[in-house]
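Architecture at a glance
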Amino acid sequence: MRLDKYISLTGNGTRSVIKSEIKKGAAKVNNVTVKDPAYKVNEDNDKIIWKGKLLKYNEFHYYMLNKPAGMICAASDPKHDTVLRLFNDLKIKGLFTVGRLDKDTHGLLIVTDDGMLAHNMLSPKKHVSKTYYVTVDNNIDESLIEYFANGIDIGEKNITKPAKLTIVDNNSAYLTITEGKYHQVKRMFGHFKLKVTYLKRVSMGDINLDESLKEGEFRPLYKEELKILEKYK
């Protein structure tokens, strides 16, 4: 594996920044300074030191993806393009998305091969919040803030759990929920005869979408983000 890729996969920044720092002498391989970002390392046997600290290659992998519309969250599908195709070049087995976004929904997805993390983040007992930016086809009345906070009947056995609605303007808002029912956001607004015209997830728990990621782009989670994930394990 390339040295710059290895360091990136351990959550130490973007490849472009890492390449620059390597050229300045920030990396050592087996106690020898290496200034070539393309230098090949053995992730199982080589000792890589980055800015004076020994790196530990992650047992699991954690990525942030800015999902584009038109792709589905599945390992494979005969009819539709899947988000995991974007990760094919990494050649990492067992990657999957933590939860799902609808085909026409954009935004934050966490992709990993850590099954326990995914289980915990999706567990109703953890109450992991998810925040969406929503636009609709008609005016959002301020009275909806209280309705959403009290729970809404979307045709299931129980009403939805309390949700936080923050109105941006007449036709857009941020909605924070702690559940993941089928088409939940669309059904909640649909209860008030409002059709969702655009939907983008901007956060999951305390992990926020990196707005520098273009749709379809992904990156490893940074150290600070990996620390946040620890509380869900």
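Residues numbered from 1 in each chain as written. Predicted model: local features only at pLDDT ≥ 70, side-chain atom pairs only at ≥ 80, totals over all residues. Heavy atoms only, no water.

**Observations concerning the sheet that holds strand 1 (residues 27–29)**
Within the open sheet, the 4 strands sit side by side as 2-1-3-4. Their pairing is antiparallel. Because the sheet does not close on itself, it has two edges, and the strands there are strand 2 (32–33) and strand 4 (53–54). Sheet analysis places strand 1 next to strand 3 (residues 48–50), joined by 3 bridges and oriented antiparallel. Across the sheet, Ala27 pairs through a bridge with Trp50, a residue of strand 3. (Pairing = 2+ DSSP bridges. Helix = DSSP H or I, 4+ residues; strand = E, 2+ residues; numbered from the N terminus.)

**Observations regarding the nonpolar core**
Most often, soluble globular proteins have nonpolar side chains that are buried together. Ranked by size, the top nonpolar core spans 33 residues in total, and within it Val134, Phe148, Leu175 and Phe189 carry the most contacts. Elements represented by at least two residues in this core include exactly strand 5 (62–67), strand 7 (106–112), strand 8 (130–136), helix 4 (144–150), strand 10 (172–177), helix 5 (184–190) and strand 11 (196–204). The residues touching Leu175, leaving out its near neighbours within four places in the chain, are Lys130, Thr131, Tyr132, Val134, Phe148, Ala163, Lys164, Leu165, Val185, Met188 and Phe189. Within the second largest apolar cluster, 17 residues are counted, among which are Met64, Val98, Ala118 and Val128. (Core = buried A, V, L, I, M, F, W, Y, C linked by side-chain atoms within 4.5 Å. Buried < 20%, exposed > 50% of the residue type's maximum accessible area, 1.4 Å probe, protein only. Contact = heavy atoms within 4.5 Å.)

**Examining the pattern of salt bridges**
Per the counting criterion, the structure on display carries 14 salt bridges. Here Lys200 ties to Glu211 by a salt bridge, and the two come within 3.4 Å at their closest N and O atoms. A residue pair is termed long-range when its members are at least 10 positions apart, and Lys200 in strand 11 and Glu211 in the loop between strand 12 (207–208) and strand 13 (218–220) qualify at 11 residues. Judged by relative accessible area, which is 16%, Lys200 ranks as buried. Look at Glu211 and you get exposed, because its relative accessible area is 54%. Residue Arg219 pairs with Glu225 through a salt bridge whose shortest N-O separation is 2.9 Å. Here the residues in one salt-bridge network are Glu156, Glu179, Lys181 and Arg187, joined through shared partners. (Salt bridge = Lys/Arg side-chain N within 4 Å of Asp/Glu carboxyl O.)

**Focus: the environment of Ile49**
Looking at the secondary structure, you find Ile49 in strand 3. Judged by its relative accessible area of 14%, Ile49 falls in the buried class. Residues Ile49 and Gly205, spaced 156 residues apart in sequence, show a C-alpha to C-alpha distance of 31 Å. Residues within four places of Ile49 in sequence aside, it is in contact with Ala26, Ala27, Lys28, Asn31 and Leu54.

**Side note on helix 3 (residues 115–122)**
Within the span of helix 3, buried status applies to Leu117, Ala118, Asn120 and Met121. The buried residues of helix 3 occupy one face: seen down the axis, they fall within an arc of 165°. Exposed residues lying more than 90 degrees from the buried face of helix 3 are Met116 and His119. Buried residues in helix 3 make contact with strand 5, strand 6 (96–97), strand 7, strand 11 and helix 6 (223–230). Capping of helix 3 at its N-terminal end is provided by Asp114; its side-chain oxygen lies 3.3 Å from the backbone amide nitrogen of Met116. (Arc of directions from axis to C-beta. Polar contact = N/O pair within 3.5 Å; in protein donor to acceptor, adjacent residues only side chain to side chain.)

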